[in-house]
Amino acid sequence: MAIERTLSIIKPDAVGGNHIGAIYDRFEQAGLRIVGAKMLQLDDEKAGGFYAEHAERPFYNDLKSFMTSGPVLVSVLEGEDAIAKHRDIMGATNPKEAAEGTIRADFANSIDENAVHGSDSAQSAAREISYFFNEDEVCPRTR
Ligand SMILES: Nc1ncnc2c1ncn2[C@@H]1O[C@H](COP(=O)(O)OP(=O)(O)OP(=O)(O)O)[C@@H](O)[C@H]1O
């Protein structure tokens, strides 16, 4: 299995709820390493660009309002099969459908405010990491 990198966002509801440490613990327990991290207050343009693929969806404005409602913690995670592993431990987009023991089952309240984001493919991971991080803001390979 290949060593991959993926982008994580701990969203404003989970940052506000004081769940950063608990969520980082889930990442590390799953064998994912945090190789880059920064806390940001997104504005409408930065949040909108990140979710540009959803620009035509009815929830786009609400999604931007939520993502700019407080600070987010963006991180780069590294590990074997990191993209799929991270999606697995996040759980389904809708926390009501998320499997027991997943981050969204434990820390999210609704589909609109669902605690975390994770890249869904190698292509989106590359785009999303470079959307938030310069090359010199991420550690060189750790293994
Ligand atoms: N039907 C919906 N109603 C409200 N918000 C939604 C809906 N579908 C998606 N969203 C919001 O938009 C985000 C992006 O949707 P997407 O389909 O890419 O889900 P995801 O890949 O599981 O989530 P994310 O991209 O945040 O990891 C979701 O995390 C959620 O916050």
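Going by what an unreviewed UniProt entry lists, the chain is known as Nucleoside diphosphate kinase and is assigned to Psychrobacter aestuarii. In UniProt, the chain has this text filed under Subunit (unreviewed entry): "Homotetramer."

**Section: the packing of aromatic side chains**
Counted under the stated rule, the structure contains five aromatic pairs. Ring centres of phenylalanine 50 and tyrosine 131 lie 5.9 Å apart, and the angle between their planes is 50°; this geometry places the pair in the tilted category. In this pair, phenylalanine 50 is assigned in helix H3 (residues 44-50) and tyrosine 131 in helix H7 (residues 122-132), connecting sequence segments 81 residues apart. Assessed through its relative accessible area of 22%, tyrosine 131 is described here as partly exposed. An aromatic cluster of three or more residues is present, and its members are Phe50, Tyr51, Tyr131 and Phe132. Seen from the ring of phenylalanine 133, lysine 38 lies directly overhead, with NZ or CZ sitting 4.9 Å from the centre. Lying over the aromatic face of phenylalanine 50, arginine 127 brings its terminal NZ or CZ to 5.8 Å of the ring centre.

**Overview of the environment of leucine 63**
Mapped onto the elements of the fold, leucine 63 is located in helix H4 (residues 60-67). Judged by its relative accessible area of 11%, leucine 63 falls in the buried class. Residues leucine 63 and tyrosine 51 lie twelve residues apart in sequence; the distance between their C-alpha atoms is 8.5 Å. In contact with leucine 63, other than residues within four places in its own chain, are Tyr51 and His54.

Conventions used here
Residues numbered from 1 in each chain as written. Predicted model: local features only at pLDDT ≥ 70, side-chain atom pairs only at ≥ 80, totals over all residues. Heavy atoms only, no water. UniProt positions renumbered as here; feature names shortened; annotations may be inferred. Phe/Tyr/Trp six-rings, centres within 6.5 Å; stacked < 30°, edge-to-face > 60°. Helix = DSSP H or I, 4+ residues; strand = E, 2+ residues; numbered from the N terminus. Buried < 20%, exposed > 50% of the residue type's maximum accessible area, 1.4 Å probe, protein only. Lys NZ or Arg CZ within 6 Å of the ring centre and 35° of its normal. Contact = heavy atoms within 4.5 Å.

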